[in-house]
Amino acid sequence: MSARTELLAEKVKALLGDRVTGVVDALGEVTVTVKAVNVVESMLMLRDDPELRFEQVIDICGMDYKTYGDGRWEGPRFAAVYHLLSVSRNNRLRVRVFATDDDMPLIDSVVDVWPSANWFEREAFDLFGIIFNGHPDLRRIRSEEHTSELQSHLNLVCRLLL
């Protein structure tokens, strides 16, 4: 870790405490894994803390770990990875949140924290079937039909919601 990323990691761990389940410094950026039950609370803390001030979510990526590491991955299958930016502090942070149920991946929405999360959450829902609880307009973006395993999973999730 560089001194800058090490300091950032320490500040985030101190702020979030036992909400954090892991911290990794890769390619000069810090990735913090947060428990799904604490996602909204943790994001509010990261946004509002005067030393961190992550004012923006610049992306949310859905992740499917089913074939990660050539299929040797052991753990939850689906995650959302939030890319946060602090313009005022010139810092970036990744926050990874694993859905606790592989059959019904559910993570609380952060649209109330950052309204720009709206489209990113819809994209992760559409591509990976991750349901963002409390999202104001969680519907599909794409209309074309796909036959992949992820599309089949999404169709199952949509049927269960209706």
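Predicted, not measured: the structure shown is a model, and the values here were computed from it.

### What to know about the packing of aromatic side chains
Here is step 1: Across all of its chains, the model carries five aromatic pairs by this definition.
Here is step 2: Here the aromatic rings of Tyr65 and Trp73 are separated by 4.7 Å at their centres, their planes lie at 25°, and the arrangement is stacked.
Here is step 3: Overall, the relative accessible area of 5% leaves Tyr65 in the buried class.
Here is step 4: A relative accessible area of 27% places Trp73 in the partly exposed class.
Here is step 5: Here Tyr68 and Trp73 contribute two aromatic rings whose centre-to-centre distance is 5.5 Å and whose plane-to-plane angle is 85°, an arrangement assigned as edge-to-face.
Here is step 6: Through a chain of ring-to-ring contacts, the aromatic side chains of Tyr65, Tyr68, Trp73 and Phe98 assemble into a single cluster.

### Describing the nonpolar core
Here is step 1: One finds Met43, Leu46, Tyr82 and Leu84 to be the most contacted residues of the largest nonpolar core, which totals 35 residues.
Here is step 2: Not counting chain neighbours up to four residues away, the residues in contact with Leu46 comprise Val12, Leu15, Leu16, Leu52, Arg53, Phe54, Leu84, Leu93 and Val95.
Here is step 3: Residues Ile131, Leu154, Val157 and Cys158 belong to the second largest nonpolar core, which totals five residues.

### Describing the pattern of salt bridges
Here is step 1: Across all of its chains, the model carries nine salt bridges by this definition.
Here is step 2: The partner of Arg77 in a salt bridge is Asp64, and the shortest N-O contact between them spans 2.7 Å. Of the two residues, Arg77 is situated in the loop between strand 3 (56-64) and strand 4 (78-86) and Asp64 in strand 3; the sequence distance between them amounts to 13 residues.
Here is step 3: For Arg77, a relative accessible area of 17% gives the class buried.

### Quick word on the sheet that holds strand 4
Here is step 1: Here we have five strands laid out as an open sheet, ordered 1-2-5-4-3, and mixed in their pairing. At either end of the open sheet lies a strand with only one pairing partner, and these are strand 1 (20-26) and strand 3. Averaged over all adjacent pairs, the angle separating strand axes in this sheet is 20°, with direction ignored.
Here is step 2: Most of the contacts of helix 1 (residues 3-16) go to strand 2 (residues 29-34), to which it runs at about 20°, and overall it touches strand 1, strand 2 and strand 5 (91-98).
Here is step 3: Against the sheet, helix 3 (residues 117-128) engages strand 3 and strand 4, with an angle of about 5° to strand 3.

### Some words on the packing of helix 1 against helix 2 (residues 39-48)
Here is step 1: Between helix 1 and helix 2, the least distance of the axes is 10 Å, while the angle of their chain directions is 125°. Considering their axes alone, helix 1 and helix 2 lie oblique with respect to each other. Crossing of helix 1 against helix 2: the hand is right-handed. Of the residues in helix 2, those touching helix 1 at Val12, Leu15 and Leu16 are Ser42, Met45 and Leu46.

Scoring rules and cut-offs
- Sequence order as written defines the numbering, with residues in each chain counted from 1.
- Residue-level local features of this predicted model are given only where pLDDT is at least 70; pairs of side-chain atoms are given and counted only at 80 or more, and the full residue set underlies all totals for whole chains, interfaces and linings.
- To obtain the side-chain values, all non-hydrogen atoms of the structure were used and water was disregarded.
- Centre distance within 6.5 Å is the pairing criterion for rings of Phe, Tyr and Trp, where only the six-membered ring of Trp is used; planes under 30 degrees apart are then read as stacked, over 60 as edge-to-face, and the remainder as tilted.
- Between buried and exposed lies partly exposed: a residue is buried under 20% and exposed over 50% of the maximum accessible area for its type, with that area taken using a 1.4 Å probe on protein chains only.
- For the purposes of this section, nonpolar cores are sets of buried Ala, Val, Leu, Ile, Met, Phe, Trp, Tyr and Cys residues that join through side-chain atoms within 4.5 Å.
- Every residue pair with non-hydrogen atoms within 4.5 Å of one another is taken to be in contact.
- A pairing counts as a salt bridge when a side-chain nitrogen of Lys or Arg comes within 4 Å of a carboxyl oxygen of Asp or Glu.
- The secondary structure listing takes helices from DSSP runs of H or I that are at least 4 residues long and strands from runs of E that are at least 2 residues long, numbered from the N terminus.
- Paired strands, in this sense, are two strands between which DSSP finds at least two bridges.
- A fitted line through C-alpha atoms represents every axis, and for helices the fit uses only the stretch in contact; the resulting angles, taken between N-to-C directions, go from 0 to 180 degrees.
- In these notes the angle categories are as follows: under 35 degrees is roughly parallel, over 145 is roughly antiparallel, 65 to 115 is roughly perpendicular, and the rest is oblique.
- In this scheme the handedness of a crossing depends on how the near helix is turned from the far one: anticlockwise by less than a right angle means left-handed, clockwise means right-handed.

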